[in-house]
2 protein chains.
Amino acid sequence: MGVSGCGKSTVGKLLAQELEIPFIDGDDYHPEANIKKMASGQALNDADRKGWLETLNDLAKQQLSKEGCVIACSALKQKYRDTLSQSIAHQVEWIYLSGTIAQIFERLKSRSDHFMPSTLLQSQFDTLEVPNKALHIDIGLSPEIIIKTIKNKLMIPSDFGLFGLGVMGKSLCRNLANNGFKISMFNRHVDGVEEQVAVNFKAQFSELSTAAAFDDISAFVNSLQQPRKIMLMVNAGKTIDFVIEDLLPHLSKNDILIDGGNSNYLKTKERFDYLKDKGIHFIGTGVSGGEEGALKGPSIMPSGAAEAYEDVKPFLETIAAKDQNGLPCCTYVGTEGSGHFIKMVHNGIEYVEMQLLAEVCSVLKHAGKNLDEIADILETWKETANSYLLEITVDILRKKEGDHYLVNQILDKAGNKGTGNWTTIASTQLGVPSTLIATALFARYTSFYKDERVANNEHFRITTDTTIDITINEMLEGYQFARIMNHYQGFKLISEASKSFNWDLNLSEIARIWTNGCIIRSTLMEDLVTVFKNTTNIIMDENFAAAIKAYKPSVKKVVSQCILNDVSVPCLGESIQFFNGITTANSSANMIQAQRDYFGAHTYKRIDDYGVKSHHTNWK
Amino acid sequence: MGVSGCGKSTVGKLLAQELEIPFIDGDDYHPEANIKKMASGQALNDADRKGWLETLNDLAKQQLSKEGCVIACSALKQKYRDTLSQSIAHQVEWIYLSGTIAQIFERLKSRSDHFMPSTLLQSQFDTLEVPNKALHIDIGLSPEIIIKTIKNKLMIPSDFGLFGLGVMGKSLCRNLANNGFKISMFNRHVDGVEEQVAVNFKAQFSELSTAAAFDDISAFVNSLQQPRKIMLMVNAGKTIDFVIEDLLPHLSKNDILIDGGNSNYLKTKERFDYLKDKGIHFIGTGVSGGEEGALKGPSIMPSGAAEAYEDVKPFLETIAAKDQNGLPCCTYVGTEGSGHFIKMVHNGIEYVEMQLLAEVCSVLKHAGKNLDEIADILETWKETANSYLLEITVDILRKKEGDHYLVNQILDKAGNKGTGNWTTIASTQLGVPSTLIATALFARYTSFYKDERVANNEHFRITTDTTIDITINEMLEGYQFARIMNHYQGFKLISEASKSFNWDLNLSEIARIWTNGCIIRSTLMEDLVTVFKNTTNIIMDENFAAAIKAYKPSVKKVVSQCILNDVSVPCLGESIQFFNGITTANSSANMIQAQRDYFGAHTYKRIDDYGVKSHHTNWK
């Protein structure tokens, strides 16, 4: 585009030749009437142009279904350009050939083949609305340089590839594009089910205008700058392996694959090793924050080879949420599957935080409060015990459908996607008592036996009419006590895994990247950033120890009241059982060792020889 | 052996020739004095025979270190035979050539080359003590028939093979031998570490005199009647696979391998399939009862192909413990790894029963009782709540070292061998809330953090001086309540696995084979045999429901008292939390579903459309 005489036809023809696509000169498609009007020295009005621009738009659409084309057209006003790119806006690249009126005048004087008299030039400049979404090219340059410049700008390889455009993948694409990265986006093609997913997605959001959309793996990979950075946002499990196999033939040495799904950390280690042998880097990364977090800034937990992280760091740290100090909620976690491991534990902690809030609501109900009152109570807790999950719980409690509380219409069978399950398995395998995560998981499992629960309730005629005798403050303190135990256990599991696998994890950094963007962000998490700079053991921190001491009478009161009144509070209950367990100097485990020795000759250690030797007794 | 003229030399020579081993005629080794005495018509006295018999014993020992030999010797008295087989008794096979005095007299008359006059014959018969541990052969038969008979009887293949002579393997060998089975026993040879294990073991126990001992796999396998039945008693895990590979080249189609170790049920399924392809049957079987149970009658839980079980049934059911009705505590459980699965759950239930007893002791201590008093209390519980584990706990509490209770000298760090871990993993994978097993497992894990517990105890200055205010009966009822929940959960896990894997397990039969021989045998288990004939759900049984209702106030009292007094009772506590969970008609899981939908768009179901459709709400 550009005013008459700017060189559209010349440059357009050369560009089309270079790109091996057809060239269309817009002026060739003027109706007879327009040509006559211009030849007579009269300027065209918008009515004259309308049909002509629509003709060109139709032509462009036809060409787009094939290999595309180059069209030369003055397109001076934004509304002309809108007509020209009607319904194909995201697929059109505008090139504006820009020159001064003096430059153009000189050019037009030397031409005799053109039907527009130079007297119209001033009116052209008067009409021109300089485009801001176009590539601006100075017409003073030689045609060869102009072609080279256009080609370089338009065909620039993408910085970053996103493979898999589900809910999370799409949000991450928009996040990357909003941050100015040139991305390539891929989604597989499945006849009749997933067609043109990437192209259609690109069309939906203006920030994706510079993004490249593909459903062909080879073209997708080739559109990326080397070493390529490709983030996989596909279903965890076998799919990841299939995708890796599909990509491998197209990759080059030192390319980087990033698995952003909830993969099992042991599998990530296997894939890391497998790809290492092939010269490909593999970064397993937890991404937390849901759809909204992925779009506006998630918490990101990448692990793998440190040198590969350096290459993806600018992308991940830019799109991540920012902490209180403006630092990205993204850090290099460690090697192998450590990123997926901590994401798994993150989800385990999340299970417990959710279960605790559910239990709190249940207890407050049994203490005689209705949902509005509970919402008001939790609202006040934001001052001292705020968290994202507390905030959404308040929103949920307040949501109504007509006169009904919506939450009361929801079937009480809790789903799970496997990470709570994995955390429980990991803790049993590592020998770490993550009792709260297991309890929260099992509470979900128990919820699934709805029919049995109803039948049992009927059978045992349990009515919980009695009112639990606790204060709001006791409930708050009991809740806070259990949350401290939850975070103690979660970070303990991470710290023990770090020892077992030699990962050398930084607990403070992990807490820091969980202070924003992710589901378990909270003021408590913010406190932990500092705590973990001095200790790996939360409950030994001065402030936390003081809080535990202060809250303990309340948790004892709440839990014992619930037990006496038949109210199920598995996680609140386990929090105090666990605390009693880890503060018992001499436990009853000596009896278990005696029993094991009695029936299985498993032997035992003694306290009076410092547990060095193994002993066996004939107990009868 | 046999009187002079019975045909010892003739038969012995032929037999030695047939077996390709040396023949030794005892008479050739008489000292000169003995020969003269006999030739003079005088009978030898015991003093005459002593040196001669010792010479033959030395010869036998020399030959045994090579390929063995056949020795002919009259050996009329038991004490002569004792001298002859001194220190090699278990390796000697006696053959007694038996005839009437008339038969022998006829034979001797026709011989002129013999130095013993026939006049001595009567004295020989007078001296003869007919052996009862020998093979008796009628001398009226032809020498060829005699040789064939001896060979058939002596070289009879074994009925059953035992591979691996650890504590459990040895006990099972003795059990099989005590029940009259002819067995072959194998233990690997490891220079300087495991040498002649089978041979030495055979020498230790008289019941093993007919058992064959090997450290060569090929000879071991070839000693077994086809189809061979070989029970593997080796360490669970990789070892089983190595042993299978070692055995495979020697096995024939339809041979049966029985894995009696605590193998993971998923691995058993893999091995079952692997061996099926090779035409070999694989039976995975749980064996419970420890060393003593294995010897006197364990509980056995075999699974695999039903037709293969028919072949091993006579052995396993004979050596198993017997239930109240005299039926074997062994039954065909089901296909694939179902036997190992139920053994795993058995151990999970065992973990909880042990933990509950440890907690009971701890609570009673905090109620002011000393160990003698606790033992007396538990002694009285045998009337209504008896179990093997209760019995051994009483023994343990009473065991003293001088003035000290031995159990108080034991370090309170509880070990585990993996099955509690597996049960927890299996229940998380199957979506079944086996909360008590997980809690008992985690209690052991917590016990392992001894140093931290001591430091925490110090830090929080927790003193449990206060006395828990409960009665003995409340403690008993709380204990019984928790045990019912434990058995409910254990059998629930089995029943859900049965559905998931299409195993069609019989809960009543499983309870029945756990009523004796195994660690969790109890009067409660005996009750369950009947209960499971009518329902798969313990708590819906009339008697159990009544017991639960009766015991519930006590468990509430005990647990709330413990919580208020800082006493850790994780399993007792979880028992009431769990019961409250499964009897809550409308749980707080609706809140969790709302939260999941809020941050992850996971959708939820509604109660007002019968949970059919999935819904999503914009909650903000």
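Whatever comes next refers back to the structure up there.
Residues numbered from 1 in each chain as written. Chains lettered and ligands numbered in written order. Predicted model: local features only at pLDDT ≥ 70, side-chain atom pairs only at ≥ 80, totals over all residues. Heavy atoms only, no water.

Undergrad: Is there a simple way to think about the relation of the copies chain A and chain B in this case?
TA: Both copies of the chain are related through a single rotation about an axis accompanied by a shift along the same axis. Each copy of the sequence occupies a distinct position, and chain A is placed on chain B by a rotation of 179° and an axial shift of 0.1 Å, giving an RMSD of 0.4 Å. Each copy turns onto its partner about a two-fold axis. A shared interface surface links the copies, since 100% of the contact residues of chain A are contact residues in chain B too. (Least-squares fit on C-alpha atoms with pLDDT ≥ 70 in both. Contact = heavy atoms within 4.5 Å.)

Undergrad: Is there a simple way to explain the nonpolar core in this structure?
TA: In a soluble, globular protein the nonpolar side chains are often hidden away together inside. Within the largest apolar cluster, 219 residues are counted, with the highest numbers of intra-cluster contacts made by A:W514 and B:W514. In contact with B:W514, not counting residues within four places along its chain, are B:S299, B:M301, B:I342, B:H346, B:I349, B:F491, B:I494, B:I520, B:R521 and B:M525. (Core = buried A, V, L, I, M, F, W, Y, C linked by side-chain atoms within 4.5 Å. Buried < 20%, exposed > 50% of the residue type's maximum accessible area, 1.4 Å probe, protein only.)

Undergrad: Is there a simple way to explain the interface of chain A and chain B in this structure?
TA: Interface size is commonly expressed as the accessible surface area that is lost when the partners come together. Facing the 117 residues of chain A at the interface are 118 residues of chain B. Between chain A and chain B, roughly 10500 Å² of surface is buried when both sides are summed, and carbon and sulfur atoms account for 61% of that area. A per-residue breakdown of the area chain A buries against chain B is headed by A:F460, A:I563 and A:F599, which together make up 7% of the total. Counting the contacts that link chain A with chain B gives 10 salt bridges. Its salt-bridge partner being B:K620, residue A:E292 comes within 3.0 Å of it at the nearest N-O pair. Between the two partners, chain A and chain B, sit 50 residue pairs in polar contact (both at pLDDT 80 or more). The element that contributes the greatest number of residues to the side of chain A that touches chain B is helix α26 (residues 589-600) of chain A, accounting for 10 residues. When grouped by side-chain class, the residues that make up the side of chain A that touches chain B number 52 nonpolar, 40 polar and 25 charged. (Buried area = accessible area lost by both parts, 1.4 Å probe. Salt bridge = Lys/Arg side-chain N within 4 Å of Asp/Glu carboxyl O. Polar contact = N/O pair within 3.5 Å; in protein donor to acceptor, adjacent residues only side chain to side chain. Helix = DSSP H or I, 4+ residues; strand = E, 2+ residues; numbered from the N terminus. Nonpolar A, V, L, I, M, F, W, Y, C, P; charged D, E, K, R; others polar.)

Undergrad: Whenever I open this one, the environment of A:T318 confuses me. Can you help?
TA: Residue and element names in this part refer to chain A. Its location among the elements puts T318 in helix α14 (residues 306-319). You can call T318 partly exposed: its relative accessible area is 31%. For T318 and F181, which are 137 residues apart along the polypeptide, the C-alpha to C-alpha distance reads 9.8 Å. When neighbours within four sequence positions are excluded, T318 is seen to be in contact with N179, F181 and K313.

Undergrad: Quick question: what am I supposed to make of helix α7 (residues 143-154) of chain B here?
TA: Structurally, the α-helix is built with 3.6 residues per turn, so residues lying three or four positions apart point the same way. Residue and element names in this part refer to chain B. Under the 1.5 Å per step criterion, the end-to-end length of α7 is 16 Å for 12 residues, consistent within 8% with the ideal 16 Å. All of the buried residues in α7 are I146, I147 and I150. Projected down its long axis, α7 carries its buried residues within an arc of 95°, all on one side. Turned more than 90 degrees off the buried face of α7, the exposed positions are E144, K148 and N152. For α7, the secondary structure elements touched by its buried residues are α1 (8-19), β3 (95-98) and β4 (135-138). (Expected span 1.5 Å × (residues − 1). Arc of directions from axis to C-beta.)

Undergrad: Quick question: what am I supposed to make of helix α9 (residues 197-204) of chain B here?
TA: Residues and elements named next belong to chain B. Three or more residues of α9 are buried, namely V197, A198, F201 and K202. Along the long axis of α9, the arc covered by the buried residues comes to 130°, so they all point the same way. Structurally, α9 contributes buried residues whose contacts are with α8 (167-178), β6 (183-186) and β7 (212-214).

Undergrad: Help me understand the environment of A:I349, please; the structure alone is not making it clear to me.
TA: Residue and element names in this part refer to chain A. As for its placement among the helices and strands, I349 is situated in helix α15 (residues 338-366). The buried category is assigned to I349, whose relative accessible area is 0%. Once the C-alpha coordinates of I349 and S85 are considered, the two residues, 264 residues apart in sequence, prove to be 50 Å apart. When sequence neighbours within four positions are dropped, the list of residues in contact with I349 reads I437, N486, H487, G490, W514 and I520.

Undergrad: What am I meant to see in the sheet that holds strand β9 (residues 256-259) of chain A here?
TA: Strand pairs in the sheet, formed through backbone hydrogen bonds, run parallel or antiparallel to each other. Residue and element names in this part refer to chain A. Spatial ordering of the open sheet is given by β7-β6-β5-β8-β9-β10-β11, a layout of 7 strands whose pairing is mixed. This sheet does not close on itself; its edge strands, each paired only once, are β7 (212-214) and β11 (299-303). Each neighbouring strand pair of the sheet contributes to a mean axis angle of 20°, computed without reference to strand direction. In the packing of α15 onto the sheet, the strands contacted are β9, β10 (281-288) and β11, and the crossing angle to β10 comes to about 15°. (Pairing = 2+ DSSP bridges. Axes fitted to C-alpha atoms, helices over the stretch in contact; angles between N-to-C directions.)

Undergrad: Would you take a moment to explain unusual backbone geometry for this structure?
TA: Most peptide bonds take the trans form, and the phi angle of most residues other than glycine is negative. A:P227 follows A:Q226 through a cis peptide bond whose omega is -10°. Here A:P227 is to be found in the loop between α10 (217-222) and β8 (229-232). At B:S87, a residue that is not glycine, the phi angle is positive and equals roughly 65°. On the basis of relative accessibility, which here comes to 57%, the residue B:S87 falls in the exposed class. Backbone geometry places B:A601, a non-glycine residue, at a positive phi of 50°. Tracing the backbone shows B:A601 in the segment after α26 (589-600).

Undergrad: It is not clear to me how the sheet that holds β7(B) should be interpreted in this structure. Could you clarify?
TA: Residues and elements named next belong to chain B. Reading across the sheet, the 7 strands line up as β7-β6-β5-β8-β9-β10-β11 and stay open at both edges, with mixed pairing between neighbours. Looking at strand neighbours, the two that pair on one side only are β7 and β11 (299-303), the edges of this open sheet. On average, each strand axis in the sheet is inclined to that of its neighbour by 20°, with strand direction left out of account. For strand β10 (residues 281-288) and β11, the ladder comprises 5 bridges, and the chain directions are antiparallel.

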